[in-house]
Amino acid sequence: MSPAGASPVHGDLLYEGKAKRVFASDRVDRVVVEFKNDATAFNAQKKAQLDDKGRLNCQISARLFELLEAKGIPSHYVGLVSDTWMVVQRVEIIPLEVVLRNVATGSLCRQTPIEEGTAIEPALLDLYYKDDSLGDPLLTEARVKLLGLVDDTQMTAIEGLARRINAVLVPFFADLDLQLVDFKLELGFNADGQLLLADEISPDTCRFWDRRSSDAQDRILDKDRFRKDLGGVMKAYGEVLKRVQSACPEPRKSL
Ligand code: UDP
């Protein structure tokens, strides 16, 4: 086993994204993901290094993938190698960002007259085209079809999976006094054509409001602290991990 945070044995760098690096592994059907400390917002116009972010997001994601797996929701997650490294199934990522909104905030409130904090029931599912050069634009189902990103059957499966994930995560976080306001998912297909949850689920990709605080700024425990220069970004991520850990103590190690 690798020591905490140490780089495990891995092959070539296959891909480097804004928050993660993806390396080949000793198996063609698996890759190794390193969670980085780089923080970006507003399509990478705002950048910073946040010490410990990689570990916190990796540790939170691993536990959430295991929680979802226990509820029958398949993901790319195989196991952890160290504090910041995760083994996952190799998938072809669908170029869609699937956003689930339980409470109105962020771009929904900038683009519509819906008031900040309005409960959305059932959750709103928004699709964005995963393309930084275009600024990840909001899509319609007709545009998804026009672009040929997925067929109708795949779209139905994606929406079903996203809503099942939301149905597991909302009560899980509510029990930890965290309101899951909204979150972004990425999905992919493995070599067998199975649809899997991929990427990460962390305070980088979710909005969490602390039910133990009534202050509109203090309650924010996610990347909005970075986006809005509120300070205490890693303290907030650490608080999310602490609560997740209280329910899911130890994620498994990858062989
Ligand atoms: N999100 C993300 N990556 C993106 C855009 C959004 O992880 O590139 C997440 C974001 O953290 C939030 C949800 O998706 O939890 C909805 O974000 P929104 O569309 O409101 O975007 P923003 O207000 O950040 O522009």
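Throughout, a residue's number is its position along its own chain's written sequence, starting from 1. Local features in this predicted model are restricted to residues of pLDDT 70 or higher, and side-chain atom pairs are both shown and tallied only at a pLDDT of 80 or more, whereas totals for entire chains, interfaces and linings draw on every residue. Water and hydrogen atoms were dropped before computing side-chain values, which therefore reflect all heavy atoms in the structure.

K.L.:
Whenever I open this one, the pattern of salt bridges confuses me. Can you help?
P.N.:
Pairing between side chains of opposite charge can happen when the charged atoms of each approach one another. What counts as a salt bridge is simple: a side-chain nitrogen of Lys or Arg found within 4 Å of a carboxyl oxygen of Asp or Glu. With the rule as written, the count across this model stands at 25 salt bridges. Across the salt bridge formed by Glu186 and Lys184, the nearest N and O atoms sit 2.7 Å from each other. Here Glu186 matches Lys184 in class, with each residue buried. A salt bridge links Arg207 to Asp224; the shortest N-O distance between them is 2.6 Å. In this pair, Arg207 sits in strand E14 (residues 206-210) while Asp224 sits in helix H5 (residues 224-227), placing the two residues 17 residues apart along the sequence. Both residues of the pair, Arg207 and Asp224, count as buried. Through salt bridges with shared partners, one network takes in Lys20, Lys130, Lys184, Glu186, Asp199 and Glu200. Throughout, exposure labels follow a simple rule: accessible area from a 1.4 Å probe, protein chains only, divided by the maximum for the residue type, with under 20% read as buried, over 50% as exposed, and the rest as partly exposed. Helix numbers and strand numbers start at the N terminus; a helix is a DSSP run of H or I with at least 4 residues, a strand a run of E with at least 2.

K.L.:
How should I be thinking about the site of the ligand in this particular structure?
P.N.:
Here a residue is considered near a molecule or strand provided that any single heavy atom belonging to it is located within 4 Å of it. As a matter of local geometry, the ligand sits amid 16 residues, with Arg101, Ser107, Arg110, Asp182 and Arg207 nearest to it. In this structure, an oxygen atom belonging to the ligand sits 2.6 Å away from a side-chain N or O atom of Ser107. Here an oxygen atom of the ligand and a side-chain polar atom of Arg110 are 2.8 Å apart. In this description, accessible areas are obtained by the Shrake-Rupley approach with a 1.4 Å probe, and a residue is regarded as covered only by the protein chains that are shown. Protein burial of the ligand: of its 520 Å² of free accessible surface, 82% is covered by the chains. Of the residues that constitute the shell around the ligand, the class distribution is four nonpolar, three polar and nine charged. In the analysis that follows, any N or O atom pair within 3.5 Å is treated as a polar contact, provided that within protein one partner can donate a hydrogen and the other can accept it, and provided that, for residues neighboring in sequence, both atoms belong to side chains. Under the grouping applied here, Gly and all other residues not named as nonpolar or charged are polar, the nonpolar ones being Ala, Val, Leu, Ile, Met, Phe, Trp, Tyr, Cys and Pro and the charged ones Asp, Glu, Lys and Arg.

K.L.:
Looking at this structure, how should I read the environment of Val99?
P.N.:
Within the secondary structure, Val99 sits in strand E9 (residues 96-103). Its relative accessible area of 9% is what places Val99 among the buried residues. For the pair Val99 and Leu127, spaced 28 residues apart in sequence, the C-alpha separation works out to 6.2 Å. The contact rule is simple, with two residues in contact once any of their heavy atoms fall within 4.5 Å. In contact with Val99, not counting residues within four places along its chain, are Leu124, Leu125, Asp126, Tyr128, Phe183 and Lys184.

K.L.:
I would appreciate a short explanation of the sheet that holds strand E1 (residues 13-16) in the present structure.
P.N.:
Strand pairs in the sheet, formed through backbone hydrogen bonds, run parallel or antiparallel to each other. The pairing criterion is simple: DSSP has to find at least two bridges between the two strands. Strand order in the open sheet formed by five strands is E1-E2-E3-E7-E6, with antiparallel pairing between adjacent strands. Looking at which strands have only one partner, the edges of the open sheet turn out to be E1 and strand E6 (77-80). Between one strand and the next, the sheet's axes are offset by a mean angle of 25°, whatever the strand orientation. Axes, fitted as lines to C-alpha atoms, cover a helix only where it is in contact. Angles between the N-to-C directions of the axes lie from 0 to 180 degrees. Strands strand E3 (30-35), E6 and strand E7 (85-89) of the sheet are contacted by helix H1 (residues 53-70), whose axis makes an angle of about 130° with E6.

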